[in-house]
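# Chains, contacts and geometry: an overview
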Amino acid sequence: MTRSTVKLFSDISHSIGSRLLLLVATLGTVLLNSHFLGESGLGEVALLQFGVLLVTGMAGFVAAGAVVYVRRSHRAADIRKAAYLWCVLSAFVASGGGVLLGIIPQEWLYAAAGLGLIQSLVVFHSQLLIASGKIRANNHLQIVQTSFLLLTVSLAYFLFEFTTPTGFMWALSIALGISLIFSLVSLRGNWGEAPTSGIADKNSATPLLFRYGSQGSTGSILQLLTNRANLSLLDHFIGSAGAGVYSVVYYGVEAVWTIARALAPMVNTEVAAAASHLERHSITISYLRRTLLMTLPLALLSALVPESIYALIFGIDGIALPLRILVPGMLAGATSSIIAHHMSAIGLHKWNARTSALGLVTLIIIGWNTIPEYGVLGAAFAASSAYCVQALGLIAVWLKANRGETSPPQDA
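Residues numbered from 1 in each chain as written. Predicted model: local features only at pLDDT ≥ 70, side-chain atom pairs only at ≥ 80, totals over all residues. Heavy atoms only, no water.

## As for the overall build of the protein
Counting its regular elements, the protein contains 15 helices and zero strands. In terms of overall size, the protein behaves like a compact globule, its C-alpha atoms giving a radius of gyration of 20 Å where 412 residues would be expected to give roughly 22 Å. Considered along the principal axes of its C-alpha atoms, the protein spans approximately 55 × 45 × 40 Å. Within the span of the protein, comprising 412 residues, buried residues form 55% of the whole. (Helix = DSSP H or I, 4+ residues; strand = E, 2+ residues; numbered from the N terminus. Rg over C-alpha atoms; globule rule 2.2 N^0.38 Å. Buried < 20%, exposed > 50% of the residue type's maximum accessible area, 1.4 Å probe, protein only.)

Structure (structure tokens):
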């Protein structure tokens, strides 16, 4: 094997291994929350995290969605100022808007703003690492955040007996602060590196960040709402306990998506750097095949575990059947993750936004009609349907792009 092939397999193995560590650490945090906070506490924590994600979603209009693409023609230092300013603005606007719309509770307004700001900066730094091909450094950053969250939550609950959603909030604050420091250390000396394509653009990076970032992050926000809006719908129709149960179910979905989440950033990096249309297509097909071959057994395993085992692990009933309903959505979501990163890498962020919007509309229509009667089961059916619709839309657009019917703005 060539040196580049060896490096590729090494990066893949490292990314998957890192994701498995994240999975274990996250499982530990979920178990602590479920046993110490109960269903209602889980629901409150999930809504806090929803608020944080709303802030990071808006921040991504500049500081995430287009960073890898814009780094092709600009240095990290050219991007930094606009990204930081936008993160600060997003913290105020997104958290306030979430409260006004009733998406997040009033009591989490300041926490969502502050924690969302820190998380947004970490995400921006993460995207810069991915753009530079520093996959391992990015993996280490994710591990630091997740493992320190498990540590701080353990200390809050066991040592300080701070067993409330507020205790979790402070534990998350410390973990995010440590992650921000680690990300800055990881980027030390990288700010002045040349554009990843080797060709510098002397024009300002800010218009490109807004142009492609707005498309990409519109998709990210819509995807966030598709993944998490069920929490607000459940809280609205049946209370925070229902949101708490679904938060555990969604953790199971995230666990199944471990492989897709590990490989997707590599698709973004490699497709953005590819020299031809055929090479980009070949890269994505290869990663899509690997993803589905490894995701299918995980999805089936989640469906085969009996309810008694889930109840023993989490201390909560009603997890097994929703996960079985979500199996088609798990496979569809894994597919979408790979294809969406391909589309982002070639500057077609707008299609990620459009297909995410299609998924969100599907979720709201089905969820609004099923959740009042079927609760968490209705939420699972709505989510699974939304993921499948979104995947079909992305596949259709991707096939058109491969036939040249939908051309990227820059086709190297």
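## Quick notes on the packing of aromatic side chains
Under the defined criterion, the tally for this structure stands at seven aromatic pairs. Centre to centre, the rings of Phe36 and Phe158 are 5.2 Å apart; their planes meet at 85°, and the pair counts as edge-to-face. Here the residue Phe36 occupies a position in helix α1 (residues 3–63), and Phe158 occupies one in helix α5 (residues 135–159), the gap between them amounting to 122 residues. Judged by relative accessible area, which is 52%, Phe158 ranks as exposed. Aromatic side chains Tyr84 and Phe124 sit 5.8 Å apart centroid to centroid with 80° between the ring planes, which places their arrangement in the edge-to-face category. Taken together, the positions of Tyr84 in helix α3 (residues 76–100) and Phe124 in helix α4 (residues 109–131) put the pair 40 residues apart, joining distant regions of the chain. Phe124 gets classed as buried once you look at its relative accessible area, which sits at 0%. An aromatic cluster is built from Phe36, Tyr157 and Phe158, whose rings are joined through pairwise contacts. Directly above the ring of Trp191 sits Arg80, whose terminal nitrogen or CZ lies 4.3 Å from the centroid. (Phe/Tyr/Trp six-rings, centres within 6.5 Å; stacked < 30°, edge-to-face > 60°. Lys NZ or Arg CZ within 6 Å of the ring centre and 35° of its normal.)

## Let's talk about the pattern of salt bridges
In this structure the tally under the stated criterion is three salt bridges. Close ionic contact of Asp78 with Arg75 constitutes a salt bridge, the shortest N to O distance being 3.0 Å. Classification of Asp78 by relative accessible area gives partly exposed; the value is 33%. The class for Arg75 is partly exposed, based on a relative accessible area of 34%. Between Glu193 and Lys134 there is a salt bridge, and its shortest N-O distance comes to 3.4 Å. Separated by 59 residues along the polypeptide, Glu193 in the loop between α6 (165–186) and α7 (206–237) and Lys134 in the loop between α4 and α5 bring together distant segments of the chain. Classification of Glu193 by relative accessible area gives partly exposed; the value is 28%. Assessed through its relative accessible area of 26%, Lys134 is described here as partly exposed. (Salt bridge = Lys/Arg side-chain N within 4 Å of Asp/Glu carboxyl O.)

## Observations concerning the layout of surface pockets
The calculated volume of the second largest pocket comes to roughly 400 Å³. Elements represented by at least two residues in the lining of the second largest pocket include exactly α1, α8 (240–256), α9 (258–273), α10 (277–304) and α11 (307–314). Looking at the lining of the second largest pocket element by element, the count peaks at five residues for α8. (1 Å grid on protein atoms, 1.4 Å probe; cavity = no way out; pocket = protein on both sides within 12 Å on 5 of 7 lines; lining within 4 Å. Points joined across faces, edges and corners; volume = space filled by probe spheres on them.)

## Describing the nonpolar core
With 84 residues, the main nonpolar core has Phe124, Tyr246, Ile319, Leu326 and Met330 as its most contacted residues. The element best represented in this core is α1, accounting for twelve residues. When sequence neighbours within four positions are dropped, the list of residues in contact with Tyr246 reads Asn227, Asn230, Leu231, Leu234, Val376, Ala379, Ala380 and Ala383. Ile130, Leu263, Val271 and Leu394 belong to the second-largest nonpolar core, a separate cluster that totals 28 residues. (Core = buried A, V, L, I, M, F, W, Y, C linked by side-chain atoms within 4.5 Å. Contact = heavy atoms within 4.5 Å.)

## Some details on α8
Since the α-helix turns once every 3.6 residues, residues separated by three or four places project in the same direction. Helix length check: α8, at 17 residues, gives a terminal C-alpha distance of 25 Å against a target of 24 Å (1.5 Å per residue), a fit within 8%. The buried fraction of α8 is high, at 14 of 17 residues. (Expected span 1.5 Å × (residues − 1).)

## Thoughts on the side chain of Ser302
Here Ser302 is to be found in helix α10. A distance of 2.7 Å separates a polar side-chain atom of Ser302 from the backbone oxygen of Ala299. Those residues in contact with Ser302, other than ones at most four positions away along the chain, are Val256, Tyr310, Leu323 and Met330. (Polar contact = N/O pair within 3.5 Å; in protein donor to acceptor, adjacent residues only side chain to side chain.)

## Let's talk about the packing of α4 against α5
Close contact between α4 and α5 brings their axes to 8 Å; oriented N to C, the two are set at 155°. Between α4 and α5, the interaxial angle falls into the category roughly antiparallel. Together, Gln119, Val122, Ser126, Leu129 and Ile130 of α4 and Ala137, Asn138, Leu141, Gln142 and Gln145 of α5 make up the contact between the two elements. Looking at the contact of α4 with α5 residue by residue, the class counts come to five nonpolar, five polar and no charged. (Axes fitted to C-alpha atoms, helices over the stretch in contact; angles between N-to-C directions. Parallel < 35°, antiparallel > 145°, perpendicular 65-115°, else oblique. Nonpolar A, V, L, I, M, F, W, Y, C, P; charged D, E, K, R; others polar.)

## Digging into the packing of α5 against α6
Contact geometry of α5 with α6 gives a least axis separation of 8 Å together with a crossing angle of 150°. Comparing their axes, α6 and α5 come out roughly antiparallel. Seen from above, α5 lies across α6 with right-handed handedness. Contacts between α5 and α6 involve Ala137, His140, Leu141, Val144, Gln145, Phe148, Leu149, Thr152, Val153, Ala156 and Tyr157 from the former and Gly167, Phe168, Ala171, Leu172, Ile174, Ala175, Leu176, Ile178, Ser179, Phe182 and Ser183 from the latter. Looking at side-chain class alone, the contact of α5 with α6 contains 16 nonpolar, six polar and no charged residues. (Left-handed = near helix turned anticlockwise from the far one by under 90°.)

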